[in-house]
Amino acid sequence: MDACVLDAHRMTSAPPPRKSPRMIIAVDGPTASGKGTLSRRIGARYGLAVLDTGAIYRAVGLAVLDAGADPSDDAAAAAAAAALDLAAIDDVRIRADRVGQAASIVAAKPAVRARLLEAQRAFARRPGGAVLDGRDIATVVCPDADVKLFVTAALAERAARRHAELAGRGESVTLADVAAQIEARDARDANRPVAPLRQAPDAHLLDTTGLPIEEAAARAFAIIDAVLGRP
Ligand code: DC
């Protein structure tokens, strides 16, 4: 994948980069923890471009499914990552539940992760900096990030949020099935040998259970301002 292409692609909807200093904010957390929404709020507040790195893994998962291949097939996953069409990041089909499952499977493969790593780092290095959200941003992609957040929420609440999101898109799936799939995905993402989901030792924990998004965002801003020494 061409990192410049990714950068240019995301620039279209990103705010203009600040000249200096570069600031990188890493936002990690499990499925449906609210990290994506929070990252967009953080990007808007601090004038930073935002990269949803899960969308890249989802795009690879979708490419494998579109090819009629099995996401657990190493060669098919590696080939899809190597040939990734970045326009797929904005394809609404990547948000489907089955694509999220496929993304979690391809993301466990070292060859896929290696292929996608440099593009994520190049995005983070952009002038002014960036917010990246994912699973391994603070631990692998940007271990030197200025601020690291680990966003989580109770399983029941994450399941309810994801269920409402899927229902809103017309996907018919039960709440129990969504909860079971989230649990399976958490386990796969956290237990894989390469770049597992985990809170970095220097990351700040933000539990969004029971918090409206405004309150969760306010707490994220307070953490960031405190780390940066801003009033
Ligand atoms: O954040 P998401 O649910 O859209 O991510 C989809 C999958 O991609 C997730 O189950 C694990 C994988 N992923 C990853 O392994 N590393 C990242 N930095 C982001 C996502």
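Residues numbered from 1 in each chain as written. Predicted model: local features only at pLDDT ≥ 70, side-chain atom pairs only at ≥ 80, totals over all residues. Heavy atoms only, no water.

**Q** Honestly, the packing of aromatic side chains in this entry has me stumped. Any pointers?
**A** Summed over the entire model, instances satisfying the criterion amount to 1 aromatic pair. When the ring of Tyr46 is compared with that of Phe221, the centres are 6.1 Å apart and the planes differ by 80 degrees; the resulting orientation is edge-to-face. Highlighted residues: Tyr46 in helix H2 (residues 35-46) and Phe221 in helix H10 (residues 213-228), separated in sequence by 175 residues. The exposure classification of Tyr46 matches that of Phe221, with both residues buried. (Phe/Tyr/Trp six-rings, centres within 6.5 Å; stacked < 30°, edge-to-face > 60°. Helix = DSSP H or I, 4+ residues; strand = E, 2+ residues; numbered from the N terminus. Buried < 20%, exposed > 50% of the residue type's maximum accessible area, 1.4 Å probe, protein only.)

**Q** For this particular structure, what's the right way to read the layout of surface pockets?
**A** Any space left empty among the atoms is revealed by the rolling of a water-sized probe across them. By volume, the largest pocket amounts to about 980 Å³. Elements that contribute at least two residues to the lining of the largest pocket include exactly H2, strand S2 (49-52), helix H3 (53-66), helix H5 (97-106), strand S3 (129-134), helix H8 (155-168), helix H9 (175-191) and H10. (1 Å grid on protein atoms, 1.4 Å probe; cavity = no way out; pocket = protein on both sides within 12 Å on 5 of 7 lines; lining within 4 Å. Points joined across faces, edges and corners; volume = space filled by probe spheres on them.)

**Q** Explain empty space enclosed by the protein here, please?
**A** Inspection of the entire model under this criterion finds 1 cavity of 30 Å³ or more. For the largest cavity, the calculated volume is near 30 Å³. Looking at the largest cavity, the residues that line it are Asp97, Gln101, Arg162, Val178, Gln181, Ile182 and Arg185. Going through the elements one at a time, H5 and H9 are the ones with two or more residues in the lining of the largest cavity. Element by element, the count of residues in the lining of the largest cavity is highest for H9, at 4 residues. Looking at side-chain class alone, the lining of the largest cavity contains 2 nonpolar, 2 polar and 3 charged residues. (Nonpolar A, V, L, I, M, F, W, Y, C, P; charged D, E, K, R; others polar.)

**Q** Is there a simple way to think about the site of the ligand in this case?
**A** Close to the ligand lie 15 residues, the nearest being Arg58, Arg113, Arg135, Arg185 and Arg192. A distance of 3.0 Å separates a nitrogen atom of the ligand from a polar atom in the side chain of Thr53. Burial of the ligand by the surrounding chains reaches 98%, relative to a free accessible area of 450 Å². Of all the cavities here, the one that holds the ligand is the largest pocket. Elements supplying a minimum of two residues to the shell around the ligand: H3, H5 and H9. (Near = heavy atom within 4 Å. Polar contact = N/O pair within 3.5 Å; in protein donor to acceptor, adjacent residues only side chain to side chain. Areas by Shrake-Rupley, 256 points an atom, 1.4 Å probe, with all protein chains shown as cover. Sits in = over half its atoms within 2 Å of the grid points.)

**Q** What's the story with the sheet that holds strand S5 (residues 204-207) in this structure? I'm lost.
**A** Strand pairing in a sheet relies on backbone hydrogen bonds. The paired strands run either parallel or antiparallel. The 5 strands are arranged S2-S3-S1-S4-S5 in an open sheet whose pairing can be described as parallel. The open sheet has two edge strands, S2 and S5, and neither has a second partner. Taken over all neighbouring pairs, the strand axes of this sheet differ in orientation by 20 degrees on average, direction set aside. Inspection of the sheet shows strand S4 (residues 147-152) paired to S5 by 4 bridges, in the parallel sense. Counterpart to Leu149 in the pairing with S5 is His204. Where helix H6 (residues 110-124) meets the sheet, it contacts strand S1 (23-28), S2 and S3, and its direction lies at approximately 140 degrees from that of S3. (Pairing = 2+ DSSP bridges. Axes fitted to C-alpha atoms, helices over the stretch in contact; angles between N-to-C directions. Contact = heavy atoms within 4.5 Å.)

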